[in-house]
Amino acid sequence: DLVVIGAGPAGEKGAMTAAVFGKSVAIVEKESQVGGAVANTGTLPSKTLRETALALSGWKARRLHGVDLSLRREATGGDLMHHEKQVAAQERQRILQYLSGAGVVLYHGSASFMDPHTLRVAALSGEQILRAGKILIATGSAPVRPAEFAFEDERLCDSDEILHLRCLPERLAVIGAVVIASEYACTFAALGVQVHLVDGRDRLLPFLDAEVAATLADSMGKLGIQFHWKERVQACEAPPGGGVVTLRLSSGNSLTADTVLVAAGRVSRTADLGLEAAGVTVGERGLIPVDANYRTNVEHIYAAGDVIGFPALAATGMEQARVAMSHAFDLGFKAAISPLLPNGIYTIPEVSMVGETEESAREKGIECVVGKARYRENARGVIVGDASGFLKLLFRRDDMRLVGVHAIGEQASELVHVGLVAMLGDARWELFNRICFNYPTLGLLYQRAAYDAAMRLGGLPAQVEAPHRPPEGS
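Bear in mind that the values here come from a model prediction, so they are computed numbers and not experimental data. (Residues numbered from 1 in each chain as written. Predicted model: local features only at pLDDT ≥ 70, side-chain atom pairs only at ≥ 80, totals over all residues. Heavy atoms only, no water.)

Visitor: Would you explain the overall build of the chain in this entry?
Guide: Helix and strand content of the chain: 14 helices and 23 strands. For a compact globule of 474 residues, the expected C-alpha radius of gyration is about 23 Å, and the chain comes in at 24 Å, within 12% of that figure. Taking the principal axes of the C-alpha coordinates as reference, the chain spans close to 70 × 60 × 40 Å. Looking at the 474 residues of the chain, the share that counts as buried comes to 51%. In the chain, 60% of the contacts between residues at least 6 apart in sequence involve partners at least 24 apart. Carbon and sulfur atoms form 51% of the exposed surface of the chain, whose accessible area is close to 21300 Å². The chain carries 47 positive and 54 negative side-chain charges, and their two centres are separated by 3 Å. (Helix = DSSP H or I, 4+ residues; strand = E, 2+ residues; numbered from the N terminus. Rg over C-alpha atoms; globule rule 2.2 N^0.38 Å. Buried < 20%, exposed > 50% of the residue type's maximum accessible area, 1.4 Å probe, protein only. Contact = heavy atoms within 4.5 Å. Areas by Shrake-Rupley, 256 points an atom, 1.4 Å probe, with all protein chains shown as cover. Lys, Arg positive; Asp, Glu negative; His and termini not counted. Charge placed at Lys NZ, Arg CZ, Asp CG, Glu CD.)

Spelled out as structure tokens, the structure:
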């Protein structure tokens, strides 16, 4: 009934959705391992390395106890990658068990279209032909490799290759302040590496709320990261035989580093699929245009995940594939993806958001009341030693409905889900007044931030005991 191309998160969930509803499903994976970028080169590896870096560096312990419990002087590249390899292996095993348990047949090889319903799968063991009534393309994306960087040199890495470093560099240059680059910059800085981050823009992660982005940039600066804004690399000089790499910048300045991480965006993995044989339209950077049901211009061929572009998150790719297969087989399971998509950024500190920022609300003419609660005023925040984190809530002024949630600090990507669920329920500020949160927890930040917003609007109702609110600017 279905052939899925690509065994990453979108491919896995698409295959599982069809299989659990009784469809016969095959999945084709080009690489030797399942899991795609999420398990092998991107999402889980980068996040696992972050936790390992925090542990090896003693970063949390220094803040809590005032002593250096760092292991980084003795730590090797193998130490850094040990937990990452365990996590990746466990995730791949989970995927294999799920697919096998649902009766999905796995083929390893390179898939290409022979006609709209037929795929050739080329492997070292030979060639196989697969035909199906429906096809889901979930081949993901790969890092863009600008011509000015000679990536055959092991000193120059893209965001996939950085995982294969044999030893920690003393000085790392990160080109492009995108999410994955910012995450790796923080990870290496926590381990004592001197990190320089180069970007052509003038601020960090401009899709974030400006106050959150500024706080993150300040925290990264305190971690030791040096920013080079409004700069572009004009030339990269990596002399053969080793030594430092020299980057010539657009300002005329130069920068040297032992290792360079280039994060120049990503391109969809569609070049080798033979999409012309199926009649599937392809756009810039290999992106496949789809409709609201994730169907391509060919009626029975669907696409989901990074291969279709923004927002290109593991979580959204999974949901897109479920919607696509529900539509393809008329399952009545999931008609649409959620209108609210959270974003988690695993920098140091962690950042997460959903909904409007102050800037986007102003652009849309939405007048908002802001409520904030700081970790340092929350018992759990004090326990974990987070002095700079905060939760920021945006309520629409006319009815005090929650329209935006922004968190920076410990467990921000978990904390944001409370607000996400509230927004999906069209909740007003009173919801957080009614909720009884466990004490001590970061969840209590929601109640405090809601009280703060209500007081800014004109005061709490008489029956609500007003908590202390610190003066503006504190």
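The structure having been displayed, the exposition proceeds.
Visitor: I tried to follow unusual backbone geometry on my own but got confused; where do I start?
Guide: Across the chain, the bulk of peptide bonds are trans and the bulk of non-glycine residues have phi less than zero. Residue P311 is bonded to the preceding F310 through a cis peptide linkage, with omega at 5°. Looking at where P311 falls in the secondary structure, it is placed in the loop between β18 (301–303) and α9 (314–328). The peptide bond linking Y439 to P440 adopts the cis configuration, its omega dihedral lying at 0°. Of note, A312 is a non-glycine position whose phi angle comes to about 50°, a positive value. Its location among the elements puts A312 in the loop between β18 and α9. Backbone geometry places M400, a non-glycine residue, at a positive phi of 55°. On the secondary structure map, M400 appears in the loop between β22 (390–396) and β23 (402–408). The exposure class assigned to M400 is buried, which follows from its relative accessible area of 5%.

Visitor: Explanation requested: the packing of helix α3 (residues 43–57) against helix α6 (residues 179–190) in the structure shown.
Guide: Packed helices, taken two at a time, are described by the angle their axes make and the gap between the axes. The geometry of α3 relative to α6 is characterised by a closest axis approach of 8 Å and an angle of 20° between their N-to-C directions. When the axes of α3 and α6 are compared, the pair comes out roughly parallel. Seen along the crossing, α3 lies across α6 with a hand that is left-handed. Contacts between α3 and α6 involve S46, K47, L49, R50, A53 and S57 from the former and I180, E183, Y184, T187 and A190 from the latter. Residue composition of the contact of α3 with α6, by class: five nonpolar, three polar and three charged. (Axes fitted to C-alpha atoms, helices over the stretch in contact; angles between N-to-C directions. Parallel < 35°, antiparallel > 145°, perpendicular 65-115°, else oblique. Left-handed = near helix turned anticlockwise from the far one by under 90°. Nonpolar A, V, L, I, M, F, W, Y, C, P; charged D, E, K, R; others polar.)

Visitor: I would appreciate a short explanation of the environment of T139 in the present structure.
Guide: As for its placement among the helices and strands, T139 is situated in the loop between β7 (134–137) and β8 (141–143). On the basis of relative accessible area, T139 is assigned to the buried category, the value being 17%. Sequence separation between T139 and G8 is 131 residues; the distance between their C-alpha atoms is 7.5 Å. Every residue in contact with T139, bar those within four places of it in the chain, is listed here: I5, R269, T270, L273 and V307.

Visitor: Explain helix α14 (residues 444–457) here, please?
Guide: Given a rise of 1.5 Å per residue, 14 residues ought to cover 20 Å, and the 20 Å separating the end C-alpha atoms of α14 matches this to within 8%. Taken across its 14 residues, α14 has 10 buried, putting it largely inside the fold. Directly after α14, the chain includes G458, whose backbone phi takes a positive value near 150°. (Expected span 1.5 Å × (residues − 1).)

Visitor: What is the right way to look at the pattern of salt bridges in this model?
Guide: Two side chains with opposite charge may pair up if their charged atoms get near one another. Throughout the structure, instances matching the rule amount to 31 salt bridges. For D272, the salt bridge goes to K30, with nearest N and O atoms at 3.8 Å. In this pair, D272 is assigned in the loop between β17 (266–268) and α8 (275–278) and K30 in the loop between β2 (25–29) and α2 (36–40), connecting sequence segments 242 residues apart. Neither D272 nor K30 differs from the other in exposure class; each is exposed. Across the pair E211 and K372 runs a salt bridge, and its minimum N-O distance is 2.5 Å. Separated by 161 residues along the polypeptide, E211 in helix α7 (residues 210–222) and K372 in strand β21 (residues 368–374) bring together distant segments of the chain. By relative accessible area, which is 27% here, E211 ends up partly exposed. Judged by its relative accessible area of 21%, K372 falls in the partly exposed class. A single network of salt bridges, built from pairs that share partners, joins D209, E211, E358, K372 and K392. (Salt bridge = Lys/Arg side-chain N within 4 Å of Asp/Glu carboxyl O.)

Visitor: Just checking my understanding: could you explain the sheet that holds β18 for this structure?
Guide: Pairing between the strands of a sheet comes from backbone hydrogen bonds, and it takes one of two forms, parallel or antiparallel. Reading across the sheet, the five strands line up as β3-β2-β1-β7-β18 and stay open at both edges, with parallel pairing between neighbours. Single-partner strands in this sheet number two, and they are β3 (105–108) and β18. This sheet shows a mean twist of 20° between the axes of neighbouring strands, independent of strand direction. Of the strand pairs in this sheet, strand β1 (residues 2–5) and β2 are connected by four bridges, and their pairing is parallel. Pairing of V3 across the sheet is with A26, part of β2. On top of the sheet, helix α1 (residues 9–20) reaches β1, β2 and β7; it is set at about 170° to β2, its chief contact. With respect to the sheet, α9 is in contact with β1, β7 and β18, its orientation differing from that of β18 by roughly 165°. (Pairing = 2+ DSSP bridges.)

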